[in-house]
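Chain by chain, the residues run as shown.
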Amino acid sequence: MPCASWGGLPKRMILTAGEPGARLTHRLLAWFSENSRSLPWRFTSDPYAIVVAEFMLHQTRVSTVLAYYDRFLQRFPSWEALARSSLDDVLKSWEGMGYYARARNLHRLARQVSDPYRGQLPQSKEALRALPGIGEYTAGAILSMVFGQDEPAIDGNVRRVLSRLFALTADPGTHPGRRQILQAARSLLPPGQAGTFNQALMDLGALICTPRHPACPACPWVENCLARQRGLQDELPIRSPSRPLPHYDVAAAVIWREGKILIAQRPPSGLLGGLWEFPGGKRLADESLKDCAAREVREELLIEIEVGPLLARIDHAYTHFRITLHAFTCRYEGGEPRAIGCTAWRWVRPEKLDQYAFPAANRRIIDQLRQCETGPADQAWMPDRIGQE
Ligand code: SF4
């Protein structure tokens, strides 16, 4: 019986594993054997290399991960090598990929796996979920792809494909929506082949069942897909209307002293934790941007500065808010820096800035700084470096 007839069945029956589910799975796996993406983490059985890939792939496109993955493994080839490295080194290797909590968690994970587990990951979901950075998806990916257990691994691609295949109308971001997706995934999971099945679902979502304009005629499930039958493929999955992101003005100080620039390291946890930056922060109501820069530097490092001309204005979006970062060229006035609102500070020559991991918006300040090095605009503010004081 073709699975198209599922459209008339109650949802609880649709989501029950059975012969139709096995046929669907068979079609997907046959499609995958001909069309799978050639990705480096699929050619290894090393759990460490697979876990690194899963951490990187969380929230990041495959094309971006490909630019980092091999280099990261060369730099940190094992749990032990990663555990022995400093967080600064790990963040530097992660610089530009964003979502730095993943790098911090991977580093913590390496230290935990290297110690009580002696380089071996635990094989139960409960023990995995108790480790840093391992949520439901990553636990499912590790259990199915590393240990061959019959566990689904549900990422954004999988949510989209299953929402459409079963025409699920609950928002997959809600508890009922997540439960439906999980039930749908389990109903299709072929015993003993969960790792391959999970990757096949991800590839179908990435290559065919794309967020916009899915290529249904090329889909192995085109005859079975309820969204396709109902013309809902562009409407599903249901998304809650997104609220506009709040916007903040942020001032940053590029402080010069004797040819060096002051940089500060952010606290180890929280947004961009452990990265280096030009000190600064969010503007208060009724505060000028220059006053904001001077106040933030005073609060963060207990030094006084003179705030000079604007060096760069950068718009940047984070997941939950947007900022405009106003970077000023500043001159050190007095006080011995102390790490009050930061973890550490350094006076660094401009050519050495690349040795530190900076967030993307600060990296653009450095680009601007380099463009200005030969220009006249800020020379009065860089006397030590150009020998004119
Ligand atoms: S038929 Fe179209 S909407 Fe349905 S799963 Fe395939 S690509 Fe997605």
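Worth saying up front: this structure is predicted, and the values here are computed from it rather than measured. (Residues numbered from 1 in each chain as written. Predicted model: local features only at pLDDT ≥ 70, side-chain atom pairs only at ≥ 80, totals over all residues. Heavy atoms only, no water.)

Peer 1: Mind showing me how you'd approach the pattern of salt bridges here?
Peer 2: If charged atoms from side chains of opposite charge come close, those side chains can pair. This model, assessed by the stated rule, comprises 18 salt bridges. As a salt-bridge pair, glutamate 151 and arginine 186 come within 3.4 Å of each other at their nearest N and O atoms. Taken together, the positions of glutamate 151 in the loop between helix 9 (136–146) and helix 10 (156–165) and arginine 186 in helix 11 (residues 175–188) put the pair 35 residues apart, joining distant regions of the chain. Between glutamate 306 and arginine 331 there is a salt bridge whose closest N-O contact spans 3.6 Å. Residue glutamate 306 is located in strand 5 (residues 304–317), and its partner arginine 331 is located in strand 6 (residues 322–334); the two are separated by 25 residues in the primary sequence. Owing to a relative accessible area of 33%, glutamate 306 belongs among the partly exposed residues under this scheme. In this structure arginine 331 comes out as partly exposed when scored by relative accessible area, which is 26%. Members of the salt-bridge network, linked through shared partners, are Lys92, Glu95, Asp354, Arg363 and Arg370. (Salt bridge = Lys/Arg side-chain N within 4 Å of Asp/Glu carboxyl O. Helix = DSSP H or I, 4+ residues; strand = E, 2+ residues; numbered from the N terminus. Buried < 20%, exposed > 50% of the residue type's maximum accessible area, 1.4 Å probe, protein only.)

Peer 1: Help me understand the confidence of the model for the chain in this model?
Peer 2: Any segment with low pLDDT has predicted coordinates that should not be analysed in fine detail. Confidence in the prediction for the chain averages 90 pLDDT; 90% of positions are at 70 or higher. In this model residues 374–379 is a low-confidence stretch, pLDDT under 50, and it forms six contacts with partners more than four residues away in sequence or in other chains. (pLDDT = per-residue confidence, 0-100. Contact = heavy atoms within 4.5 Å.)

Peer 1: Where do I start with unusual backbone geometry in this structure?
Peer 2: Only a minority of non-glycine residues have a phi that is not negative, and only a minority of peptide bonds are not trans. Leucine 236 connects to proline 237 through a cis peptide bond whose omega is 0 degrees. When you line up the elements, proline 237 lands in the loop between helix 13 (226–229) and strand 1 (247–257). With phi around 60 degrees, leucine 272 is a residue other than glycine that occupies positive phi space. Along the chain, leucine 272 turns up in the loop between strand 2 (260–265) and strand 3 (276–277). On the basis of relative accessible area, leucine 272 is assigned to the buried category, the value being 11%.

Peer 1: When you look at the nonpolar core in this model, what are you seeing that I'm missing?
Peer 2: Within the largest apolar cluster, 66 residues are counted, with the highest numbers of intra-cluster contacts made by Phe72, Leu106 and Phe278. Ranked by residue count, the leading element in this core is helix 3 (residues 47–57), at nine residues. The residue makeup of this core includes at least three contributed by each of domain 1 (3–229) and domain 2 (247–386). Excluding its chain neighbours within four sequence positions, the residues that come into contact with phenylalanine 72 are Tyr48, Val52, Met56, Leu82, Val90, Ser93, Trp94 and Leu106. Of all hydrophobic cores here, the second largest spans 36 residues; its members include Met145, Ile154, Leu189 and Phe197. (Core = buried A, V, L, I, M, F, W, Y, C linked by side-chain atoms within 4.5 Å. Domains from an automatic or database assignment.)

Peer 1: Where do I start with the packing of helix 6 (residues 87–94) against helix 7 (residues 101–114) in this structure?
Peer 2: When two helices pack together, their arrangement is given by the angle between the helix axes and the distance between those axes. Look at helix 6 against helix 7: their axes get within 10 Å of each other, and the N-to-C directions meet at 135 degrees. With respect to their mutual orientation, helix 6 and helix 7 come out oblique. Where helix 6 crosses over helix 7, the handedness of that crossing is right-handed. Contact residues: helix 6 offers Leu87, Val90, Leu91 and Trp94, while helix 7 offers Arg102, Ala103, Arg104, Leu106 and His107. In terms of residue class, the contact of helix 6 with helix 7 is built from six nonpolar, one polar and two charged. (Axes fitted to C-alpha atoms, helices over the stretch in contact; angles between N-to-C directions. Parallel < 35°, antiparallel > 145°, perpendicular 65-115°, else oblique. Left-handed = near helix turned anticlockwise from the far one by under 90°. Nonpolar A, V, L, I, M, F, W, Y, C, P; charged D, E, K, R; others polar.)

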